[in-house]
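Now for the letters of each chain:
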Amino acid sequence: MVENSELRKAGLKVTLPRVKILQMLDSTEQRHMSAEDVYKALMEAGEDVGLATVYRVLTQFEAAGLVVRHNFDGGHAVFELADGGHHDHMVNVESGEVIEFFDEEIEKLQKAIVEKHGYEMVDHNLVLYVRKKK
């Protein structure tokens, strides 16, 4: 099972709650889920995993590099699987929807700005807060 090897590779013991939560994050269409979203999805699937366990496992996954936690303004923490690919986010301020995007020009411009100021980029996170045009 892929989930078992991912957990072992991350240095985590394979437990049923960890496997179920990792499967949920991997199979859902919603890439950014709060702990409550994960808990509700597990309950709807008939899985008996407590909310405290979901929080604990997501924190363990974050520490192990399996998920990335985002704290977008005005909202609670959401988690997404760490797939290794960089992308930025837009957050719809009216619906809370999170849209992922990647733009090569923005990436080049950010790097140029950093270098112009005499630095090298270590990491970055771009979040645009948006609403649909009326």
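From a predicted model like this one, the values you see are computed outputs, not experimental measurements. (Residues numbered from 1 in each chain as written. Predicted model: local features only at pLDDT ≥ 70, side-chain atom pairs only at ≥ 80, totals over all residues. Heavy atoms only, no water.)

1. Considering the overall build of the protein
What counts here: Here a helix means four or more residues in a row that DSSP labels H or I, a strand means two or more in a row labelled E, and each is numbered from the N terminus. Contact criterion: two residues are considered in contact whenever any of their non-hydrogen atoms come within 4.5 Å of each other. Every accessible area reported is derived by Shrake-Rupley at a probe size of 1.4 Å, with residue values counting cover from the shown protein chains alone.
Tallying secondary structure elements over the protein gives five helices and five strands in all. Along the chain direction, N to C, the helices and strands of the protein fall in the order α-α-α-α-β-β-β-β-α-β. Overall, the C-alpha framework of the protein stretches about 50 × 40 × 20 Å when taken along its three principal axes. Considering only intrachain contacts with a sequence separation of at least 6, the fraction spanning at least 24 residues in the protein is 44%. Roughly 8,900 Å² of accessible area belongs to the protein as shown, and the carbon and sulfur atoms make up 51% of that amount.

2. Remarks on the packing of helix H2 (residues 16–27) against helix H4 (residues 51–64)
To be explicit about the condition: For helices, the fitted line uses only the C-alpha atoms of the stretch in contact; every axis is such a line through C-alpha atoms, and the angle between N-to-C directions lies from 0 to 180 degrees. We call two directions roughly parallel when the angle between them is under 35 degrees, roughly antiparallel when it is over 145, roughly perpendicular when it lies between 65 and 115, and oblique otherwise.
Two elements in contact, H2 and H4, have axes separated by 10 Å at closest approach and are oriented at 75°. Taken together, the axes of H2 and H4 lie roughly perpendicular to each other. Of the residues in H4, those touching H2 at Pro17, Arg18, Ile21, Leu22 and Leu25 are Thr53, Val54, Val57, Leu58, Gln60 and Phe61.

3. Looking at the layout of surface pockets
Just so we agree on the cut-off: With a 1 Å grid spanning the protein atoms alone, the term cavity applies to any set of points in which a 1.4 Å probe fits but cannot get out, the term pocket to an open set with protein on both sides within 12 Å along at least five of seven lines, and the term lining residue to any residue with an atom within 4 Å of a point. Grid points are joined across faces, edges and corners, and a volume is the space filled by probe spheres set on the points. When residue character is reported, Ala, Val, Leu, Ile, Met, Phe, Trp, Tyr, Cys and Pro are called nonpolar, Asp, Glu, Lys and Arg charged, and the others, Gly included, polar.
In this structure, the largest pocket spans a volume of roughly 400 Å³. Along the walls of the largest pocket sit 20 residues, with Val78, Val91, Gly96, Glu97 and Val98 positioned nearest its centre. Sorting the residues of the lining of the largest pocket by element identifies strand S3 (88–92) and strand S4 (98–101) as the ones contributing at least two each. Among the residues forming the lining of the largest pocket, the class breakdown is six nonpolar, eight polar and six charged. Of the volumes computed, that of the second largest pocket is approximately 290 Å³. Lining of the second largest pocket is provided by 17 residues; of these, Val68, His70, Gly85, His86 and His87 occupy positions nearest its centre. Listing elements by their share of the lining of the second largest pocket, those giving two or more residues are strand S1 (67–70), strand S2 (78–81) and S3. Within the lining of the second largest pocket, the residues separate by chemical class into five nonpolar, eight polar and four charged.

4. Some remarks on the packing of H2 against helix H3 (residues 35–44)
Contact geometry of H2 with H3 gives a least axis separation of 10 Å together with a crossing angle of 100°. By the angle between their axes, H2 is roughly perpendicular relative to H3. Contacts between H2 and H3 involve Lys20, Ile21, Met24 and Leu25 from the former and Val38, Ala41 and Leu42 from the latter. Here the residues of the contact of H2 with H3 sort into six nonpolar, no polar and one charged.

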